[in-house]
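Tertiary structure, described
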Amino acid sequence: MKRKLCYYLTLLFICSAAAQVPVKVAKYDLPKKRLLLQLCSMYLYNANQGAIDADSSVVLAATAYKLPLMLAYDEGFSDKISIGSDLIEKGNIYKAKTLLANLKGEEKIKLLLQLGSFYLFKSGAKPIDLQSAKHYIDSAIAESNQIKTVKWQHQSMLLLGKYYFQANNQSQSIKCFSQVINDCRKSKDKLGLTRGLEAKADILSNQDPEKEKILNEVISIYASLGLEEKRIENYSKITTIYFWSGRIREAKKRLYQNLVDLRKINFAHQQFAETTISFLELYQHNIRPALYYALKSVKRMETENDYTFADIFYMRLGDVYNVYGHNQEALQLYQKSIKIGKNNLDTGAWYKSFFSAVAALSLKGNNKEAIAYINSMTAQYPPKSIFDKMSVAFIKANCYEALKDNIQAEKYFKEMDFYSKQLNTPETTREIAHQYTTMALFYINTNRPKLAQFYTDKILMFGKRGISTANTEMLNILLYKMDSINGNYKDALLHFQNYKKISDSVHGISKNQQIEELKIEYETKNKEQKIRLLNNQSKLQQSELQKSKLLNNVSSGSLVLLLIIIGLLYNRYRLKQRNHAKLEIKEREINQNNINLRHLLDEKEWLLKEIHHRVKNNLQTVISLLSSQAAYLNNDMALSAIKNSQHRIHSMSLIHQKLYKSENIATINMPSYINELVEYLKDSFSIGQRIRFEIRVEQLELDVAQAIPIGLILNEAITNSIKYAFPDNAGGIISIILEKTEEDQYLLTISDNGIGIDTALSTNKSDSFGMSLIKGLSDDLEGKLVMENNNGTILKLEFKPEHPLNKKYLKKPDVTLDI
């Protein structure tokens, strides 16, 4: 049940509040105030996942920033304070109505439209309010037709269209908007056209593709008119469409652009975009930007002393800490959010903080404490909406499952399912899918695969209906397990690979944590060094004081001599002190430079490893894509080509995998690499014990620029031997030798005892891709390639090792990897 905020409470708040409009808001002009209302209300609506309606979101935003509520609804017919508008804002409707009798023309139409808007958008409106709205709108239409002013005819018609929408007559509503749109297109009235298009877009759902098309046209027109605040507002509406339709990456890009646009117009309230970016970055497991923007929104709030929506910003920072593994810090932030939310304006966020606080307790292993906390909170603050009731049941089920109390866990999972069936909005689908995923995994863990399949099918049904669900680590584990149970091993493998990809991404959290720990370590060392320096200075000063006391005790008879000696000593002391101070400054600079260089080096090494990690993931993705493509091919040659391509890509992927897992990011250990490559090819061709491999590789380290060509050559040569050297499933031996023949000279030998190859044919024939690849790679290595036929095929490649500091590596690269 959606929470409707009573309008008279809003008026009471505005009239009785002692605090004035916040300073930065007071400095805004009218377009910026309207932009603030729209951005804030959009954020509140989306953050509450539709638990409150759009009109209630506007009421919350207007109440929070102490702005007139009608600013959100009177655009187009009230660009400045008009007669009677202040009376409506104060709730003195009777006096506003009495003014009508003395007004004529445009002023009368304006007041009629404002009265119509008041009743139409009144929170918690009743049928009688809709009737009053229709009366004033019809009067405005009659007046505008009488004075024959197109602008007021259009404004009255737009408000009539909004009335029909509120009255659940969408077809008549669209008819009104279309009439205004067509008239404005004919008369080339750009501003009137945008208002008609906006009104039509607002009544369409986020799943309707026409809505995005209309808003893009609106954005284009506002840009041409130079109305930047209105362009940004409608740009944000498309961002919302992208978010709820599952286009998270596009939504995130637009949010970053939104921040740039807001800075250009000096719009201070950027925290709504920042906290949303933090949410999306956390959703994609990008901890560093998620933490950065969560902290930035909190710092902006605390610096400006604007705690209007503090519960939301503390909750978002707590979410980042919770995923980060800092559950205690997260719990403290959630408790702060709950305290503020209960005592201040209720945005609905603090109840989500309550759920998150329970999750933090559960992650710490305090599940009994978590259940007690749930019971005490829900007794004092019972859940109001269906969504909150569903969430309470879900977190209880999780806690009981963690305590191995499967009976209670199933009871609350079923209660959660009962409430979820009553929710059918796109804003709640993702959360419901997540809860069904947890429920299905519970039934798998308790050996009830049929029930698990039932709830898995529910999740998949969302996708079939075009509703976006989160592609989470947990969902992929569920699909992997269900496919394995059903014997669908091909899809199970794909889901497991997807799970590993997400898991590897999450694994980056620990690396970020190491970076933060290094920063703390460096800061600690800096402080310790400063303390030691201050101690040394203190000791030096004490020593000089003792010398001064000793000199003062010298006999008065040697006063003249003493003065001369004191002068000389003082001169030497000053010189020594200056030199000592210079040395200390120089030493501090050297130490700081050393720390900075070490920090920079560590950061560069981490970045290189991250690049290799992402290259490996991209190559694995290509292999998976080729596997998916192969499933739709029947042509043997095409399948063979795809298989060969997978082997080649894997040989390169293996290089990058070793680089990001190794402490040495410059070279590859060849014995380990070649053994893993051979094992992969054996498994790929399923040769069993039919073909035996003899591998003799010296402990050599090759630069990555040489390791990749060597890996590809090995892949081609071994693949050819397996496929062609031993026909009719004959047995045989493939030998691989990599050795150092002399100083700065390596020899790679790949041989088999199969049927052999026609060396003249292989030398002259150039249409074999494998041979062309081997020859091309040999040329890249500047090596000498020889092929022989002696009781089988022998391939020899002699080459010189490449060193990382070679001039070749100092050249500017011609190609940039986009990772």
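In this text, all values refer to a predicted model and were calculated from it rather than measured experimentally. (Residues numbered from 1 in each chain as written. Predicted model: local features only at pLDDT ≥ 70, side-chain atom pairs only at ≥ 80, totals over all residues. Heavy atoms only, no water.)

1. Digging into the overall build of the protein
Using the following cut-off: Elements are defined by DSSP. Helices are runs of H or I of four residues or more, strands are runs of E of two residues or more, and each kind is numbered from the N terminus. Any residue under 20% of the maximum accessible area for its type is buried, any over 50% is exposed, and the rest in between are partly exposed; the area is computed with a 1.4 Å probe on protein chains only. Note on contacts: a residue pair qualifies if any of its non-hydrogen atoms lie within 4.5 Å across the two residues.
Secondary structure summary: the protein contains 33 helices and 7 strands in total. Looking at the protein residue by residue over its 819 residues, the buried ones come to 46%. Contacts in the protein between residues far apart in sequence, at least 24 positions, make up 66% of those at least 6 positions apart.

2. Some points on the pairing of strand 5 (residues 745-752)
Heads up, the condition is: For two strands to be treated as a pair, DSSP must find no fewer than two bridges joining them.
Most of strand 5 is tucked away, with 8 of its 8 residues classed as buried. Residue alternation in strand 5 divides its side chains into two sets, Gln745, Leu747, Thr749 and Ser751 and Tyr746, Leu748, Ile750 and Asp752, and both sets are buried. Where strand 4 (residues 732-742) and strand 5 come together, 8 bridges link them in antiparallel fashion. Pairing of Ile736 across the sheet is with Ile750, part of strand 5. Where strand 4 folds back onto strand 5 in an antiparallel hairpin, the turn is made up of 2 residues, including Asp744, whose phi is positive at roughly 60°. Pairing analysis gives 6 bridges linking strand 5 to strand 7 (residues 793-799), with the strands arranged antiparallel. Residue pairing in the sheet places Ile750 in a bridge with Leu795 of strand 7.

3. Looking at the sheet that holds strand 5
Note on sheets: strands pair through backbone hydrogen bonds, and any given pair is parallel or antiparallel. Rule in force here: Axis definition: a line fitted to C-alpha atoms, over the contacting stretch in the case of helices. Angles run 0 to 180 degrees between N-to-C directions.
Overall, mixed pairing links the 5 strands, which are arranged 2-4-5-7-6 in an open sheet. The sheet terminates laterally at strand 2 (691-697) and strand 6 (784-789), the two strands that pair on one side only. Shown here is a sheet whose adjacent strand axes are inclined to one another by a mean of 10°, direction ignored. Pairing of strand 6 with strand 7 involves 6 bridges; the strand directions are antiparallel. Bridge pairing in strand 7 places Met787 opposite Leu795. Here helix 30 (residues 704-725) sits on the sheet and contacts strand 2, strand 4, strand 5 and strand 7; the angle it forms with strand 5, its principal contact strand, is near 15°.

4. Structural notes on the packing of helix 20 (residues 367-380) against helix 21 (residues 386-402)
Stated precisely, the cut-off is as follows: Note that the term roughly parallel is reserved for angles under 35 degrees, roughly antiparallel for angles over 145, roughly perpendicular for angles of 65 to 115, and oblique for everything else. In this scheme the handedness of a crossing depends on how the near helix is turned from the far one: anticlockwise by less than a right angle means left-handed, clockwise means right-handed.
In contact at an axis separation of 9 Å, helix 20 and helix 21 are set at 155° when each is read in the N-to-C sense. In terms of orientation, helix 20 and helix 21 fall into the roughly antiparallel class. Where helix 20 crosses over helix 21, the two elements pack in a sense that is left-handed. Residues Asn367, Ala370, Ile371, Ile374, Asn375 and Thr378 of helix 20 form the contact with helix 21, whose own contacting residues are Val392, Ile395, Lys396, Cys399, Tyr400 and Ala402.

5. So, helix 21
The cut-off we apply is this: One less than the number of residues in a helix, times 1.5 Å, gives the span that helix is expected to have.
The end-to-end C-alpha distance of helix 21, which contains 17 residues, comes to 25 Å, matching closely the 24 Å that a straight helix rising 1.5 Å per residue would cover. Burial analysis of helix 21 places 14 of its 17 residues in the buried class, which makes it a mostly covered element. Just downstream of helix 21 lies Lys404, where phi reads positive at about 65°.

6. Let's talk about the environment of Glu329
With respect to the helices, strands and loops of the structure, Glu329 is situated in helix 18 (residues 327-343). Glu329 sits in the partly exposed class, given a relative accessible area of 35%. It is 7.2 Å that separates the C-alpha atoms of Glu329 and Gly318, two residues lying 11 residues apart in sequence.

7. Focus: the packing of aromatic side chains
Where we set the bar: Two rings belonging to Phe, Tyr or Trp (six-membered ring only in the last case) form a pair when the distance between their centres is within 6.5 Å. Interplanar angles under 30 degrees mark stacking, angles over 60 mark edge-to-face geometry, and anything in between is tilted. Here, a charge over a ring means that NZ of Lys or CZ of Arg falls within 6 Å of the ring centre while also lying within 35 degrees of the ring normal.
Enumeration according to the criterion identifies 19 aromatic pairs in this entry. Each residue in the set Phe413, Tyr436, Phe442, Tyr443, Phe454 and Tyr455 is aromatic and connected to the rest through ring pairs, giving one cluster. Here the basic side chain of Arg231 rests over the ring of Tyr235, its NZ or CZ set 5.8 Å away from the ring centre. The ring of Tyr235 has Arg254 sitting right over it, with the charged end atom 3.8 Å from the ring centre.

8. Examining the environment of Ile371
Position of Ile371 among the secondary structure elements: in helix 20. Classification of Ile371 by relative accessible area gives buried; the value is 9%. The sequence separation of Ile371 and Val358 amounts to 13 residues, and the corresponding C-alpha distance is 7.9 Å. Contacts of Ile371, omitting those with residues within four sequence positions, involve Cys399, Tyr400 and Leu403.

9. Focus on the packing of helix 13 (residues 228-244) against helix 14 (residues 248-264)
Helix 14 packs onto helix 13 with a crossing angle of 160° between their chain directions and a minimal axis gap of 8 Å. Classified by the angle between their axes, helix 13 and helix 14 sit roughly antiparallel to one another. Crossing of helix 13 over helix 14 shows left-handed handedness. Where helix 13 abuts helix 14, its residues Arg231, Ile232, Tyr235, Ser236, Ile238, Thr239, Tyr242 and Phe243 lie against Ile248, Glu250, Ala251, Arg254, Leu255, Gln257, Asn258, Asp261 and Leu262.

10. What about the confidence of the model for the protein?
Basically, it comes down to this: Along the chain, pLDDT gives the predictor's confidence residue by residue, from 0 to 100.
Overall, the predicted model of the protein reaches an average pLDDT of 77, with 80% of residues at or above 70. The low-confidence segment residues 1-20 (pLDDT under 50) makes 39 contacts with residues lying over four places distant or belonging to another chain. The low-confidence segment residues 804-819 (pLDDT under 50) makes 15 contacts with residues lying over four places distant or belonging to another chain.

11. Some points on a nonpolar patch on the surface
Put simply, the rule is: For patch building, the residue pool is restricted to those with more than 30% relative accessible area and no salt bridge; the joining distance is 9 Å between like charges and 5 Å between nonpolar side chains (Val, Leu, Ile, Met, Phe, Trp, Tyr). Each accessible area is a Shrake-Rupley result for a 1.4 Å probe, and residues are judged covered by the shown protein chains and nothing else. By definition, a salt bridge exists where a carboxyl oxygen of Asp or Glu is found within 4 Å of a side-chain nitrogen of Lys or Arg.
Together, Leu191, Leu225 and Leu227 give the surface a local cluster of nonpolar side chains, amounting to about 200 Å² of exposed area. If you trace the backbone, Leu227 turns up in the loop between helix 12 (209-225) and helix 13. A relative accessible area of 33% places Leu227 in the partly exposed class.

12. A few points about the pairing of strand 7
Regular strands place their side chains on alternate faces of the sheet. Burial runs high along strand 7: 5 of the 7 residues are buried. Hairpin connection between strand 6 and strand 7: a loop of 3 residues separates the two successive antiparallel strands, and Asn791 in this loop has a positive phi of roughly 55°.

13. Here's the deal with the nonpolar core
Under the convention used in this document: In plain words, nonpolar cores are sets of buried Ala, Val, Leu, Ile, Met, Phe, Trp, Tyr and Cys residues tied together by side-chain atoms within 4.5 Å.
In terms of nonpolar packing, the biggest core is built from 104 residues, with Leu36, Tyr65, Leu115, Leu160, Phe267 and Phe309 touching the most fellow members. Not counting residues within four places of it along the chain, the set of residues in contact with Phe267 comprises Tyr28, Lys32, Leu35, Leu36, Leu39 and Leu262.

14. Topic: the environment of Leu702
Along the chain, Leu702 turns up in strand 3 (residues 701-703). Linking Leu702 and Asn669, residues 33 residues apart in sequence, is a C-alpha distance of 6.8 Å. Those residues in contact with Leu702, other than ones at most four positions away along the chain, are Ala666, Thr667, Ile668, Met670, Ile710, Tyr746 and Phe799.

15. What about helix 18?
Between its first and last C-alpha atoms helix 18 spans 24 Å; for 17 residues at 1.5 Å apiece the expected length is 24 Å, and the two agree. Among all positions of helix 18, only Asn327, Ala330, Leu331, Leu333, Tyr334, Ser337, Ile338, Ile340 and Gly341 are buried.

16. Topic: unusual backbone geometry
Phi at Lys188 takes a positive value of approximately 60°, unusual for a residue other than glycine. Relative to the helices and strands, Lys188 resides in the loop between helix 10 (170-187) and helix 11 (190-203).

17. Some remarks on the side chain of Thr378
To keep it simple, the criterion reads: Nitrogen and oxygen atoms within 3.5 Å of one another constitute a polar contact, given that in protein one can donate a hydrogen and the other can accept it, and given that sequence-neighbouring residues count only through two side-chain atoms.
Looking at the element boundaries, Thr378 is found in helix 20. Taking the relative accessible area as the measure of exposure, Thr378 reaches 15% and is therefore buried. Looking at Thr378, its side chain comes within polar contact range of the main-chain oxygen of Ile374, at 2.7 Å.

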